[in-house]
Structures are given as C-alpha cells and as structure tokens.
Amino acid sequence: MISFTQHNLGKLEDLFNDLGYKLRYEKGSFRTGACLIQSNKVVMVNKFSNLEVRIQSLIQLLKELAVDETLLDDKKKEFYKIIKKIGE
C-alpha cells in the first residue's frame, strides 16, 4: 500500500502524464473522485475530493487501463508494479 501523501499524488500524476493522459482538476457532478474520458485521454479529478480519495481514484483508474510499460522509465515501472499489487 502506498501512503496518501502529496508526493505520491505527484508520482501518480507524472505516471499518467508519461502514459499520454492529461489530468484536470475540475468541479464535476460525478460521484467518484475521478473519471476517464478515453477518446481524449483526459482524466477528470474532482477538485473537491480530499487527497486520499484523489489517490485511490487515480489508482483504480490506472489499474483498469491497458498500460504500455515501454513508455515508462525504470522508477515509474517499479511504482506502477506496486500500484498493480494493491488490492490483490
């Protein structure tokens, strides 16, 4: 499990960025902490969610995506592997 810190949120944001996704923090009427607009590779994160919900939501989305690990450097690959193991 990863801790719910601003540092880890930044690592998740960097991971999405390297995978070609743009993260936007917006006010939304969605119930979860984040949603994915696949056709545009945009992830909308509810800006009113707290840090823990943001991180959990991004992890859940990341686990559902087909990730091309060749786009990631070694550090991000290791971080991604840790994320994949969460909840197994």
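To be clear, the structure that these remarks concern was listed above.
A short tour of the structure in this document, coming up. (Residues numbered from 1 in each chain as written. Predicted model: local features only at pLDDT ≥ 70, side-chain atom pairs only at ≥ 80, totals over all residues. Heavy atoms only, no water.)

Below, the discussion takes up the pairing of strand β3 (residues 42-46). Taking burial as the measure, the five residues of β3 include five buried ones, the bulk of the element. Judged by which residues are buried, β3 turns out to be covered on both faces: Val42, Met44 and Asn46 on one side and Val43 and Val45 on the other are all buried. The pairing of strand β1 (residues 22-26) with β3 spans five bridges and is classified as parallel. Its bridge partner being in β3, Leu23 is matched across the sheet by Val43. Inspection of the sheet shows strand β2 (residues 34-37) paired to β3 by four bridges, in the antiparallel sense. Opposite Ala34, over in β3, you have Val45 as the bridge partner. (Buried < 20%, exposed > 50% of the residue type's maximum accessible area, 1.4 Å probe, protein only. Helix = DSSP H or I, 4+ residues; strand = E, 2+ residues; numbered from the N terminus. Pairing = 2+ DSSP bridges.)

Attention now moves to the packing of aromatic side chains. In this structure the tally under the stated criterion is one aromatic pair. Centroid distance Phe16 to Tyr21: 6.0 Å. Interplanar angle 90 degrees. Geometry classified as edge-to-face. Across the pair, exposure class does not vary: Phe16 and Tyr21 are buried alike. Across the ring face of Tyr21, the terminal group of Lys41 is positioned such that the distance to the ring centre comes to 4.9 Å. (Phe/Tyr/Trp six-rings, centres within 6.5 Å; stacked < 30°, edge-to-face > 60°. Lys NZ or Arg CZ within 6 Å of the ring centre and 35° of its normal.)

Let us now look at the packing of helix α2 (residues 51-64) against helix α3 (residues 74-85). Across the interface, α2 lies against α3 with an axial gap of 10 Å and an inter-helix angle of 95 degrees. Overall, the two elements α2 and α3 adopt an arrangement that is roughly perpendicular. Residues Ile59, Leu62 and Lys63 of α2 pack against Tyr80, Ile83 and Lys84 of α3. Counted by class, the contact of α2 with α3 contains four nonpolar, no polar and two charged residues. (Axes fitted to C-alpha atoms, helices over the stretch in contact; angles between N-to-C directions. Parallel < 35°, antiparallel > 145°, perpendicular 65-115°, else oblique. Contact = heavy atoms within 4.5 Å. Nonpolar A, V, L, I, M, F, W, Y, C, P; charged D, E, K, R; others polar.)

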